[in-house]
Amino acid sequence: TYELTGVECDVRWENAQVGAISREEFMAIADGAGIGDEIGRWVVGEACRQVAAWRKRFERDFFVSARFSARQIRDPGFVAFIRETLETHSLPTRALEIAVTEASVVEAPREARAALDALRLTGVGIAIDDFGAGHSSLSQIRRLPVDCMKLGRSLMSDLYIDMGAQGVIAAVLAMARGMRVRSVADGIE
């Protein structure tokens, strides 16, 4: 239908001397300085505030997807924080999608699974971000409560010039359909 249904929230740093700094680099610097979690909480609060305003203004059920690190997901207060943020902005749980990378799930499968299961039970969406960009553990991913697979930019980059890339994308899309999850192509801008 080409209708807007959701948006992705991301954070980047535009440094005057260096130029654009990727999310990964920016968050590594923030984590090293001990402010990564604080920035993460601010980002989610702002994302929820904005999507609540858009839902009211446009009378549409938009959702926002926000990415979290492995450390944030393993935080014992993570699920409560998400619930409180949604309540603060009077948003239903389906208005937020939690995006996690493959690596964050693979490096701590038990803890990640517990947090994601708890969020999924409340109705919050779960997405695997940058799928195919890391070392996939298909046995872990198939057991996760996932609603969406966001195909990583590295998977999409050679789609129109590489037959091998086309085959991999076709296989990943078939897997997503088989798992009954939505698929999103990342980095197509």
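Predicted model, so just to flag it, every value in this text is computed and none were measured.

Colleague: Got a minute to help me understand the side chain of Asn15 in this structure?
Modeller: Here Asn15 shows up in strand 2 (residues 13-15). Judged by its relative accessible area of 14%, Asn15 is buried. Among the polar contacts made by the side chain of Asn15, one reaches the main-chain amide nitrogen of Val18 at a distance of 3.0 Å.

Colleague: Looking at this model, I keep getting lost on the pairing of strand 4 (residues 63-68). Mind explaining?
Modeller: Looking along a regular strand, one sees the side chains alternate between the two faces of the sheet. Here strand 4 lies mainly inside the structure; six of its six residues are buried. Here strand 1 (residues 6-9) pairs with strand 4 via four bridges, running parallel. What sits directly across from Cys9, in strand 4, is Ala66. Alignment of strand 4 against strand 5 (residues 96-101), held across five bridges, turns out to be parallel. By the bridge assignment, Phe68 is partnered in strand 5 with Val100.

Colleague: For this particular structure, what's the right way to read the sheet that holds strand 5?
Modeller: Paired through their backbone hydrogen bonds, the strands of a sheet run either parallel or antiparallel. In spatial order, the strands read 1-4-5-6-7-8; together these six strands make up an open sheet with parallel pairing. With partners counted over all chains shown, the strands left at the sheet margins are strand 1 and strand 8 (182-185), one partner each. Ignoring which end each strand starts from, the neighbouring axes of this sheet average 25 degrees apart. With respect to the sheet, helix 2 (residues 36-58) is in contact with strand 1, strand 4 and strand 5, its orientation differing from that of strand 4 by roughly 170 degrees.

Parameters and conventions
- Residues numbered from 1 in each chain as written.
- Predicted model: local features only at pLDDT ≥ 70, side-chain atom pairs only at ≥ 80, totals over all residues.
- Heavy atoms only, no water.
- Helix = DSSP H or I, 4+ residues; strand = E, 2+ residues; numbered from the N terminus.
- Buried < 20%, exposed > 50% of the residue type's maximum accessible area, 1.4 Å probe, protein only.
- Polar contact = N/O pair within 3.5 Å; in protein donor to acceptor, adjacent residues only side chain to side chain.
- Pairing = 2+ DSSP bridges.
- Axes fitted to C-alpha atoms, helices over the stretch in contact; angles between N-to-C directions.
- Contact = heavy atoms within 4.5 Å.

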